[in-house]
Amino acid sequence: MPIEQEPSTLAWFKDELQKKMAALEQEIAAHRHTRDLLRQTENAYGRFVPHQLLKLLNAQSILDLKLGEQTEKSMTILFSDIRDFTRLSEFMSPQQTFSFINSYLGEMEPVISAHGGIVDKYIGDAIMALFPSSADQGLQSAIAMLAQLKTYNEGRERASYPPVKIGIGLNTGIVMLGTIGGTQRMEGTVLSDAVNLASRLEETTKTYKTPLLISEHTLNALNNVDSYCIRFLDRIRVKGKTQPQSVYEVFDNDLEATRVGKLASRPQFEEGVTYYHLKLIDRAISLFQACLIQAPEDQPAQVYLQRCLNFQQTGHHEGTGEVGGTLEWRDEFLVGFDEIDNQHHELLAHINQVALMISREDSSGIEETMQFLGDYVHFHFDSEEKIMREVNYPLMNDHLREHRKLVEQFLRLKAEITSGSHDKLYLGFQIQLFLFDWFANHTTKTDRHLGKFIRDAKVKP
């Protein structure tokens, strides 16, 4: 009997095994589907919260993000915006408008990513991008965006569409990177005064009719300034900031003839800007006219020439009103650490002394004073570096980079002063720029951040 039933028993076990195998395969397939769905979901979330941003916040997944998480970092911020977008979209349907924006953004986003940038957000037709690794990547991205825009416009021209123009502003500084929002909706972003300045610079491109502006902070963060076409453009007061800022034009994307002409006339242009701020309008006019002979399409030179003519007719001057005399010590320069503050006091006094010597055409002690300043600058920076190492300051490398740039500026200024080949008014203006950029920006931003870190480090158990 058992022998006769054995085949049926084996068949039953085989049938049960097949059923379990089929169920297991279905379960495995379901797990694979869930895994693929999770991967797709993670990738989809990555389009809203970039994976690079998660990495900077030390999060492995978007699921690890919590509201209020933050970290401080020095980075370069880029803002770009389409010029006359309202006019361009005036005769478009809503669907056409969205198609146009997505077409344009689809051209720009890969360029930003290729240069190590993170698109933080799209604000309509505007782009805010972050470059955490280097200012050079940010500037190279901006230059590449303008080059890609040229190719994009060639396609629009073939389709009988009007060309697109954009403005780009870049600034570099310490930002707070983190998550903001509420319990039901949050996003990762950066918050800082440095972000606001980048946005204002983008808006300022409209004033000077030029597509790309950078702050002195970004200029000083570049590894090799001479590899770009850059010139000093102006001292401006931007909305929301009390301290005027030095602004620089980057014109690598100009047509070759204009670019070559701007490079050749750069000394005359920067002297023209100096004399405009000093209200020596006749000198400024002749210099800007000389610039336009070499580069007739030099838009900022045209803007300045018109300003000069307006001043002659109306007396209206668009300078910041800060030029002339010396820079007085202000409480906002205080870092809160006596050793650093005392050295800043002495440095300011001696640099002001050089400015007065130049204005009075007294060269008797200028070389001696400049030599003292050179030695003192190195002593001061060495003192700060020692302090940063003692407190294990996390942004020390960025701080030291600014020191190196300030030393380079000082040595260049020293060479110009001691050469005797420059007008004393021009040199006085250059000294003031050095003072403003150092004390009004490096001291009130970078050094004060260090001072706060030192104070916090002292109160920690």
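Calculation criteria
- The written sequence of each chain sets the order in which its residues are numbered from 1.
- Residue-level local features of this predicted model are given only where pLDDT is at least 70; pairs of side-chain atoms are given and counted only at 80 or more, and the full residue set underlies all totals for whole chains, interfaces and linings.
- In computing side-chain properties, one takes all heavy atoms of the structure into account and sets aside hydrogens as well as water.
- A helix here means a DSSP run of H or I that spans at least four residues, while a strand means a run of E at least two residues long, and both kinds are numbered starting from the N terminus.
- Accessibility here uses a 1.4 Å probe with only protein chains present; expressed as a share of the type maximum, an area under 20% marks a residue as buried, one over 50% as exposed, and anything in between as partly exposed.
- To measure how exposed things are, a 1.4 Å probe is used in the Shrake-Rupley method; for residues, cover is taken only from the protein chains shown.
- Should any heavy atoms of two residues lie within 4.5 Å, those residues are counted as being in contact.
- When DSSP finds two or more bridges between two strands, those strands count as paired.
- Counting of polar contacts relies on pairs of N or O atoms within 3.5 Å, with two restrictions inside protein: one atom must be capable of donating a hydrogen and the other of accepting it, and residues adjacent in sequence are counted only when both atoms are side-chain atoms.
- Nonpolar core, defined: a set of buried Ala, Val, Leu, Ile, Met, Phe, Trp, Tyr and Cys residues in which side-chain atoms within 4.5 Å join the residues together.
- Only one rule defines a salt bridge in this text: a Lys or Arg side-chain nitrogen within 4 Å of an Asp or Glu carboxyl oxygen.
- To get an axis, fit a line to the C-alpha atoms, keeping to the stretch in contact for a helix; angles then go from 0 to 180 degrees between the N-to-C directions.
- Here the angle decides the label: under 35 degrees means roughly parallel, over 145 means roughly antiparallel, 65 to 115 means roughly perpendicular, and every other value means oblique.
- Definitions for this section: a left-handed crossing has its near helix turned counterclockwise from the far helix by less than a right angle. A right-handed crossing has that turn clockwise.
- Classification used: nonpolar for Ala, Val, Leu, Ile, Met, Phe, Trp, Tyr, Cys and Pro, charged for Asp, Glu, Lys and Arg, polar for all others including Gly.
- Expected span of a helix: the number of residues minus one, times 1.5 Å.

## Some points on the overall build of the chain
Move 1: Counting its regular elements, the chain contains 15 helices and 8 strands.
Move 2: Looking at the chain as a whole, 48% of its 461 residues are labelled buried.
Move 3: Accessible surface, the chain as shown: approximately 24,300 Å² in total, 52% of it carbon and sulfur.

## A short note on the environment of Tyr276
Move 1: Of note, Tyr276 is situated in helix α9 (residues 266-277).
Move 2: Separated by 42 residues in the primary sequence, Tyr276 and Glu318 have C-alpha atoms spaced 9.0 Å apart.
Move 3: Setting aside its immediate chain neighbours within four residues, Tyr276 contacts Ile281, Ala284, Tyr304, Arg307, Cys308, His317, Glu318 and Gly319.

## Remarks on the pairing of strand β2 (residues 118-123)
Move 1: As paired elements, β2 and strand β3 (residues 126-131) share 5 bridges and run antiparallel to each other. When the sheet's bridge partners are listed, Tyr122 is paired in β3 with Ile127.
Move 2: Between β2 and β3, which follow one another and run antiparallel, lie 2 residues, and Gly124 among them has a positive phi close to 65°.

## Things to note about the environment of Tyr208
Move 1: Along the chain, Tyr208 turns up in helix α6 (residues 193-208).
Move 2: Look at Tyr208 and you get buried, because its relative accessible area is 2%.
Move 3: Tyr208 sits 94 residues away from Gln302 along the chain, and the two C-alpha atoms are 8.9 Å apart.
Move 4: Each residue touching Tyr208, except ones within four places of it in the same chain, is listed here: Leu233, Asp234, Ile236, Gln299, Pro300, Val303, Tyr304 and Arg307.
Move 5: Side chain to side chain, Tyr208 and Asp234 meet in a polar contact 2.4 Å long.

## Let's talk about the nonpolar core
Move 1: Judged by nonpolar contacts, the single largest core of 66 residues is most densely connected at Tyr104, Leu139, Leu212, Ile214 and Ile230.
Move 2: Ranked by the residues each element gives to this core, the list is headed by helix α5 (residues 135-158), at 9 residues.
Move 3: With 27 residues, the next largest nonpolar core counts Leu327, Ile358, Met370 and Trp438 among its residues.

## Structural notes on the pattern of salt bridges
Move 1: A complete count under the given rule lists 18 salt bridges for this structure.
Move 2: Between Glu154 and Lys150 there is a salt bridge, with the nearest N and O atoms lying 3.1 Å from each other. In this pair, Glu154 and Lys150 are both assigned in helix α5, 4 residues apart and thus about one turn of the helix distant.
Move 3: The partly exposed category is assigned to Glu154, whose relative accessible area is 35%.
Move 4: For Lys150, a relative accessible area of 52% translates into the label exposed.

## Some points on the packing of α9 against helix α10 (residues 281-294)
To describe two helices that pack against each other, one gives the angle between their axes and the distance between the axes.
Move 1: At a minimum axis distance of 8 Å, the contact between α9 and α10 shows a crossing angle of 155°. As far as their axial angle goes, α10 and α9 are roughly antiparallel. α9 and α10 meet at a crossing whose hand is left-handed. The residues of α10 that touch α9, namely those facing Gln268, Phe269, Glu271, Gly272, Val273, Tyr275 and Tyr276, are Ile281, Arg283, Ala284, Leu287, Phe288, Cys291 and Gln294.
Move 2: Here the contact of α9 with α10 is composed, by residue class, of 9 nonpolar, 3 polar and 2 charged.

## As for the pairing of β3
Regular strands place side chains that alternate from one sheet face to the opposite one.
Move 1: The buried fraction of β3 amounts to 6 of the 6 residues, a majority that puts the element mostly inside the structure.
Move 2: Side chains Ala126, Met128 and Leu130 of β3 all project onto a buried face; the interleaved residues Ile127, Ala129 and Phe131 project onto the opposite face, where all are buried too.

## Description of helix α13 (residues 366-390)
Move 1: For α13, which comprises 25 residues, the first-to-last C-alpha distance of 36 Å matches the rise-based estimate of 36 Å (1.5 Å per residue) to within 8%.
Move 2: Remark: Asn392 follows α13 within two positions and exhibits a positive phi of approximately 55°.

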